[in-house]
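Coordinates in review
One letter stands for each residue in the lines below.
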Amino acid sequence: MDQTQSPQELSLTAAAFIASGDALKDKVIAITGAGDGIGKVAALSCAAHGATVILLGRTIPKLEQVYDEIEAAGHPQAAIFPINLEGAVEKDYNDMADAIDAEFGRLDGLLHNAAQLGPQTPLSNYEIDTWQKLMQVNVTAGFMMTKALLPLLEKSSAASVVFTSSSVGRKGRAYWGAYAISKAAVENMVQVFADEMDGINKVRVNCINPGATRTQMRASAYPSENPATLKTAAEIMPSYLYLLSPKSEALNGISIDAQPK
Ligand code: NAP
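The model shown is predicted, which means the values in this text are computed figures rather than measured ones.

1. Here we look at helix α9 (residues 237–244)
- Burial analysis of α9 places seven of its eight residues in the buried class, which makes it a mostly covered element.
- When we look at burial in α9, the residues that qualify are Met237, Ser239, Tyr240, Leu241, Tyr242, Leu243 and Leu244.

In structure tokens, the structure reads:
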């Protein structure tokens, strides 16, 4: 793989990635929003490829269900760390880092997947409280968590941090409000983190835009759309596995599409 390739070429390479069964063997990977949607499928998929997955989320029964599915499949035993990104403060992230340090001693992967869509309404009508909640969950939480977990990521021989973007984060669109703006901020945060890590440590920071995917969030955004016309989360996993696996070790500061045209 070659970082002189364009994001489009890298997206095609990632989407065509065929992960071997042990592609993530011995990796410790934390995933936010691991109880539902793309995050749930990413957790199951990482575990199926050998990773020990730390399930992060706010709805414990959903996380327990994923934990049980991983256990029933005979994959490496997962761990659950409940966290509500809306209310979490610096101490919560530091406690999370201490717990992961005590149990695993390092972190090889961090997938920032959780996000909220918010209402689709003109900015002129957008509620300030809703704006702040979206920014907290979609942007600030990713910053705080990465900051707290950086010492553990630096203990990995090669760590991959993956943030999640959206098409509306690359080009703003009417009525997508704080969601679109938060995703634009995520794209920029990836560039800042990646530039700061470059040549300093073995932590790489990249971004993925899943594209239209059959989940609850997509159904909320496009209620009249037929979900059967959309890719499932399982179908976009090659790009996620690519970014989290050693295959992408030389990539830093890139934003790829999981469904490149
Ligand atoms: P989803 O089905 O709505 O799942 C979102 C996940 O985020 C859920 O696990 C949810 O937990 C979690 N979450 C939300 N608020 C949280 C909070 N305050 N604290 C902790 N966890 C929280 O969405 P998705 O479609 O899988 O989206 C996953 C990512 O892909 C998001 O970043 C989204 O912006 C991005 N994306 C999706 C699409 C698409 O077409 N699906 C397209 C572009 C980008 P609960 O289940 O407990 O609420």
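Right, picking up where we left off after that structure.
2. Overview of the site of the ligand
- Near the ligand, the surroundings consist of 29 residues, among which Thr59, Lys62, Asn113, Tyr179 and Thr215 are the closest.
- Within the contact set of the ligand, a nitrogen atom lies 2.9 Å away from a side-chain nitrogen or oxygen of Asn84.
- At a separation of 2.6 Å, an oxygen atom of the ligand approaches a polar side-chain atom of Tyr179.
- Protein contact buries 92% of the 890 Å² of open area that the ligand shows by itself.
- Secondary structure elements with two or more residues in the shell around the ligand: α2 (37–48), α7 (177–197) and α8 (216–221).
- The element contributing the most residues to the shell around the ligand is α8, with three residues.
- Residues that form the shell around the ligand fall into these classes: ten nonpolar, 13 polar and six charged.

3. Looking at the packing of aromatic side chains
- Scanning the model with the defined rule gives four aromatic pairs in all.
- Note on Phe17 and Tyr242: the rings are 5.4 Å apart at their centroids and 70 degrees apart in plane angle, and the pair reads as edge-to-face. Here the residue Phe17 occupies a position in the loop between α1 (7–15) and β1 (28–32), and Tyr242 occupies one in helix α9, the gap between them amounting to 225 residues.
- Overall, Tyr242 belongs to the buried group, its relative accessible area being 3%.
- For the pair Phe163 and Phe193, a centre-to-centre distance of 6.3 Å together with 20 degrees between the ring planes defines the contact as stacked. Of this pair, Phe163 sits in strand β5 (residues 159–164) while Phe193 is found in helix α7, placing the two residues 30 residues apart along the sequence.
- The class for Phe163 is buried, based on a relative accessible area of 2%.
- Of the aromatic side chains, those joined through ring pairs into one cluster are Trp176, Tyr179 and Tyr222.
- We note Arg218 situated over the ring of Tyr222; from NZ or CZ to the ring centre the distance is 3.7 Å.

The rules we used
- Residues numbered from 1 in each chain as written.
- Predicted model: local features only at pLDDT ≥ 70, side-chain atom pairs only at ≥ 80, totals over all residues.
- Heavy atoms only, no water.
- Buried < 20%, exposed > 50% of the residue type's maximum accessible area, 1.4 Å probe, protein only.
- Helix = DSSP H or I, 4+ residues; strand = E, 2+ residues; numbered from the N terminus.
- Near = heavy atom within 4 Å.
- Polar contact = N/O pair within 3.5 Å; in protein donor to acceptor, adjacent residues only side chain to side chain.
- Areas by Shrake-Rupley, 256 points an atom, 1.4 Å probe, with all protein chains shown as cover.
- Nonpolar A, V, L, I, M, F, W, Y, C, P; charged D, E, K, R; others polar.
- Phe/Tyr/Trp six-rings, centres within 6.5 Å; stacked < 30°, edge-to-face > 60°.
- Lys NZ or Arg CZ within 6 Å of the ring centre and 35° of its normal.

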